[in-house]
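Spelled out, the chains give:
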Amino acid sequence: MSEGGYVLQARGIGVRFGGVRALTGVDLGVRAGEVCGLIGPNGAGKTTLFDVLSGIRRPERGRLLLDGTDITRRSPVWRARHGIRRTFQRQQLFGQLSVADNVLVAQEWRGGGGGPAADLLALPPRRARERERRARGERVLADCGIGALGASYAGGLPVGQARMVELARALADPPRVLLLDEPASGMSAPERDRLAEVVRRLAEREGCAVLLVEHNVTFVMELCARVVVLDLGTVLAEGSAAEVRANPLVREAYLGTS
Ligand SMILES: Nc1ncnc2c1ncn2[C@@H]1O[C@H](COP(=O)(O)OP(=O)(O)OP(=O)(O)O)[C@@H](O)[C@H]1O
Ligand SMILES: [Mg+2]
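Predicted model, so just to flag it, every value in this text is computed and none were measured.

## As for the sheet that holds strand S1 (residues 6-17)
Item 1. Read across the open sheet, the 4 strands follow the order S2-S1-S4-S5; overall the sheet is antiparallel. Looking at the sheet topology across the chains shown, the edges are occupied by strand S2 (20-31) and strand S5 (69-70).
Item 2. Judged from the 5 bridges that link them, S1 and strand S4 (residues 61-66) form a sheet pairing that is antiparallel. Of the residues in S4, the one forming a bridge with Gln-9 is Leu-65.

Printed below as a string of structure tokens:
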């Protein structure tokens, strides 16, 4: 466990795109069992920070720690295997696959056991494992309120349902850290309620550390005990939802415009 009790911690993160400083000296951590909100205006650097945390972008400066151990140079695959999962602001589903298969592939990294021979021969233990994985996928889809969509093609879904499938895929194998980039955008009110319920349960019951980017400030304030505000690539404020809401700098940079 790292300093401050953080499961995942970013220290002094810096990222540039040519002349644009997307992130400068960003410190942020998330603890087991908490839902931490990450808000800020367009272009503040929220998605860039998620890319750094999930390993798809290497920062020029700073370090990342998982349970206090440096993972800055670890690949996205390594991080996913160690329980750091995410969803994307621009959805990244496998559109040609069914919803059930989208959730199934997220469990395949563990392999089937028995190697290629077992694959070719479809040996009984292999079939049993696939059944277990399909059953888990069905449970996760049902929890996310999309149990009826298993056979649908992911590419044909409306945006709110597609976001729910991305969430289900991130939960297919229990995450330790979950990074959600605008998961409620495009969702109907009942879908948003379901999302809030799933995220809350994941944190409270399973001890997952959740970091949530969202422009719907009411949604963030209701769901997150702690909120971090990014502006122009730096942390502008951090505190309880009430503290952040009352902060004049935050109101000026962000809340006043929403
Ligand atoms: N691939 C890229 N190439 C060049 N500049 C980029 C790239 N990705 C992001 N940026 C720039 O980095 C800054 C941070 O962008 P980022 O997408 O992280 O912001 P954000 O807080 O997620 O915004 P939004 O709320 O609109 O999603 C912006 O100035 C953006 O234009
Ligand atoms: Mg973004």
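## Description of the coordination of the magnesium ion (ligand 2)
Item 1. The protein atoms that coordinate the magnesium ion (ligand 2) are Thr-47 (OG1) and Gln-89 (OE1), at distances of 2.0 to 2.1 Å. Of this pair, Thr-47 sits in helix H1 (residues 46-54) while Gln-89 is found in the loop between strand S6 (84-86) and helix H3 (99-105), placing the two residues 42 residues apart along the sequence.
Item 2. Look at Gln-89 and you get partly exposed, because its relative accessible area is 33%.

## Observations regarding the pattern of salt bridges
Item 1. Enumeration over the complete set of coordinates arrives at 10 salt bridges.
Item 2. As a salt-bridge pair, Asp-70 and Arg-63 come within 2.8 Å of each other at their nearest N and O atoms.
Item 3. Residue classification places Asp-70 among the partly exposed positions, given a relative accessible area of 36%.
Item 4. Residue Arg-176 is joined to Asp-67 by a salt bridge in which the shortest nitrogen-to-oxygen separation is 2.8 Å. Within this pair, whereas Arg-176 is found in the loop between helix H6 (159-171) and strand S7 (177-181), its partner Asp-67 is found in the loop between S4 and S5, the two being separated by 109 residues in sequence.
Item 5. With relative accessibility at 26%, the residue Asp-67 sits in the partly exposed group.
Item 6. Sharing partners across several salt bridges, the network here consists of Glu-34, Arg-226 and Glu-238.

## Points about the site of ligand 1
Item 1. Near ligand 1, the surroundings consist of 15 residues, among which Asn-42, Gly-43, Lys-46, Thr-48 and Gln-89 are the closest.
Item 2. Ala-44 is positioned such that a nitrogen or oxygen atom in its backbone is 3.2 Å from an oxygen atom of ligand 1.
Item 3. Contacts to ligand 1 include Lys-46, whose side-chain N or O atom sits 2.7 Å from an oxygen atom.
Item 4. Coverage of ligand 1 by the protein chains reaches 63% of its 630 Å² of free accessible surface.

## Thoughts on the environment of Gly-37
Item 1. Within the element layout of this structure, Gly-37 appears in strand S3 (residues 35-39).
Item 2. Under the relative-accessibility criterion, Gly-37 is labelled buried at 0%.
Item 3. Separated by 191 residues in sequence, Gly-37 and Val-228 place their C-alpha atoms 6.0 Å apart.
Item 4. Excluding anything up to four places from it in sequence, Gly-37 contacts Leu-212, Val-220, Cys-224, Arg-226, Val-227 and Val-228.

## Topic: the nonpolar core
Item 1. Ranked by size, the top nonpolar core spans 48 residues in total, and within it Leu-167, Leu-178 and Val-210 carry the most contacts.
Item 2. A per-element tally of this core places H6 first, with 7 residues.
Item 3. Residues within four places of Leu-167 in sequence aside, it is in contact with Thr-87, Cys-144, Leu-178, Leu-180, Leu-195 and Val-198.
Item 4. Judged by nonpolar contacts, the second largest core, of 28 residues, contains Val-7, Leu-49, Phe-50 and Val-177.

## Some thoughts on the sheet that holds S7
Item 1. Strand order across the open sheet formed by 6 strands is S6-S7-S8-S3-S9-S10, with mixed pairing between neighbours. On the outer flanks of this sheet lie S6 and strand S10 (234-240), each paired with one strand and no other. Direction aside, neighbouring strands of the sheet carry axes that sit 20° apart on average.
Item 2. Note that S3 and strand S8 (residues 209-213) share 4 bridges and pair parallel. By the bridge assignment, Cys-36 is partnered in S8 with Leu-211.
Item 3. Sitting on the sheet, H1 touches S3, S6, S7, S8 and strand S9 (226-231), and the angle it makes with S7 is about 150°.
Item 4. Strand contacts of H6: S6 and S7, with the helix running at about 165° to S7, the strand carrying the most contacts.

Cut-offs and rules
- Residues numbered from 1 in each chain as written.
- Chains lettered and ligands numbered in written order.
- Predicted model: local features only at pLDDT ≥ 70, side-chain atom pairs only at ≥ 80, totals over all residues.
- Heavy atoms only, no water.
- Pairing = 2+ DSSP bridges.
- Helix = DSSP H or I, 4+ residues; strand = E, 2+ residues; numbered from the N terminus.
- Donors = N, O, S within 2.8 Å, 3.2 Å for Na, K, Ca; no water.
- Buried < 20%, exposed > 50% of the residue type's maximum accessible area, 1.4 Å probe, protein only.
- Salt bridge = Lys/Arg side-chain N within 4 Å of Asp/Glu carboxyl O.
- Near = heavy atom within 4 Å.
- Polar contact = N/O pair within 3.5 Å; in protein donor to acceptor, adjacent residues only side chain to side chain.
- Areas by Shrake-Rupley, 256 points an atom, 1.4 Å probe, with all protein chains shown as cover.
- Contact = heavy atoms within 4.5 Å.
- Core = buried A, V, L, I, M, F, W, Y, C linked by side-chain atoms within 4.5 Å.
- Axes fitted to C-alpha atoms, helices over the stretch in contact; angles between N-to-C directions.

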